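Fold and geometry: a report
These are the residues of each chain, in order.
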Amino acid sequence: MSEKIKKVKAADILAFAAKHKNKIHFEITDDEDLYPILGSVPVEVDSDTHKCSLSSGYFYYRENDCKDSISFGSCEFEILGVHFSTPYDSHDSFSTDGNEIDYGEMNEDEFWEELQNLINIPLYDGTGDEYEFDENRVSDQDLIDVMECDCSVFAIDKDGDVCAFDDESEILGYESGEDAGYKFIDQDEAFQILVKERPDLEFELLY
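What counts and what doesn't
- Residues numbered from 1 in each chain as written.
- Predicted model: local features only at pLDDT ≥ 70, side-chain atom pairs only at ≥ 80, totals over all residues.
- Heavy atoms only, no water.
- Helix = DSSP H or I, 4+ residues; strand = E, 2+ residues; numbered from the N terminus.
- Rg over C-alpha atoms; globule rule 2.2 N^0.38 Å.
- Contact = heavy atoms within 4.5 Å.
- Core = buried A, V, L, I, M, F, W, Y, C linked by side-chain atoms within 4.5 Å.
- Buried < 20%, exposed > 50% of the residue type's maximum accessible area, 1.4 Å probe, protein only.
- Polar contact = N/O pair within 3.5 Å; in protein donor to acceptor, adjacent residues only side chain to side chain.
- Pairing = 2+ DSSP bridges.
- Arc of directions from axis to C-beta.

Next up on the list: the overall build of the protein. The number of helices and strands found in the protein is four helices and 15 strands. Over its C-alpha atoms the protein spans a radius of gyration of 28 Å, topping by over 25% the 17 Å that the globule rule assigns to 207 residues. Along the first, second and third principal axes, the C-alpha atoms of the protein reach 90 × 40 × 30 Å. The contacts of the protein with a sequence gap of at least 6 include a subset with a gap of at least 24, amounting to 66%.

Pasting the structure below:
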């Protein structure tokens, strides 16, 4: 059976908030858009040897991309069975679920303003470390998904290193039919090998 909905006086909610403000639990929900995104990992190709390597990656924040509409998430909390939800980046509005509020002679705006004066509702400001880029959370597959290379031909040379070429004509001896000592592989395999051999990458913020 579902929980019976009750009406709770606005004055009782405010009184509870004034007395227990340090014990109210706040939960941030739907804030995935605030976390940094791995944007690209360029495959560097030596112009002389054609050997490939990885040294850097670039990440960005969705909120810095004016082309995308992002969600800052919500801040949620409960008082006397009333579930409150307010935008994490601004507390200019709120919604409720669970028990209903009996405002009495107050209106919603007056109640909400007074409640905000009584409790410190978390507000996103972008200066904390909660949404900092964590390179330890970057998996090999994350890197592969954003790796970029302008070359179209990949091969493993006699040393076992991945090499990349614009086309086969760049490979010495290929057009004459000589054994150039390369084993051709596709891009997916090349990227898999490069990721397994990757050094510690430097991740830079892409503005």
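Ranked by size, the top nonpolar core spans 27 residues in total, and within it Leu-38, Val-43, Leu-143, Met-147, Phe-191, Leu-194 and Phe-203 carry the most contacts. Mapped onto this core, the elements with two or more residues apiece are β3 (37-42), α3 (140-146), β12 (153-156), β13 (162-165) and α4 (187-196). When residues in this core are grouped by element, the largest group, five residues, is from α4. Not counting residues up to four positions away in its chain, the partners in contact with Leu-143 are Leu-38, Val-41, Val-138, Val-195, Arg-198, Leu-201 and Phe-203. Membership of the second largest hydrophobic core comes to 20 residues, among which are Leu-14, Phe-26, Phe-84 and Ile-101.

Another aspect to go through is the environment of Asn-99. Inspection of the secondary structure assignment puts Asn-99 in the loop between β9 (95-98) and β10 (100-102). Residues Asn-99 and Lys-6, spaced 93 residues apart in sequence, show a C-alpha to C-alpha distance of 5.0 Å. Aside from chain neighbours lying at most four places away, what touches Asn-99 is Lys-4, Ile-5, Lys-6, Val-8, Leu-80, Gly-81 and Val-82. At 3.1 Å, the side chain of Asn-99 and the backbone oxygen of Leu-80 are in polar contact.

Pairing is mixed across the open sheet formed by four strands, whose spatial order is β11-β3-β6-β15. This sheet does not close on itself; its edge strands, each paired only once, are β11 (147-148) and β15 (202-205).

Further remarks concern helix α1 (residues 10-20). Listed in full, the buried residues belonging to α1 are Ala-10, Ile-13, Leu-14 and Ala-17. Each buried residue of α1 lies within a common arc of 95° when the element is viewed along its axis, so the set occupies one face. Along α1, the residues that are exposed and aim more than 90 degrees away from the buried face are Ala-11 and Lys-19. As for α1, its buried residues are in contact with β1 (7-9), β7 (74-79), β8 (82-87), β10 and α2 (108-118).

Take it as geometry only, folks, not as evidence of what the structure does.
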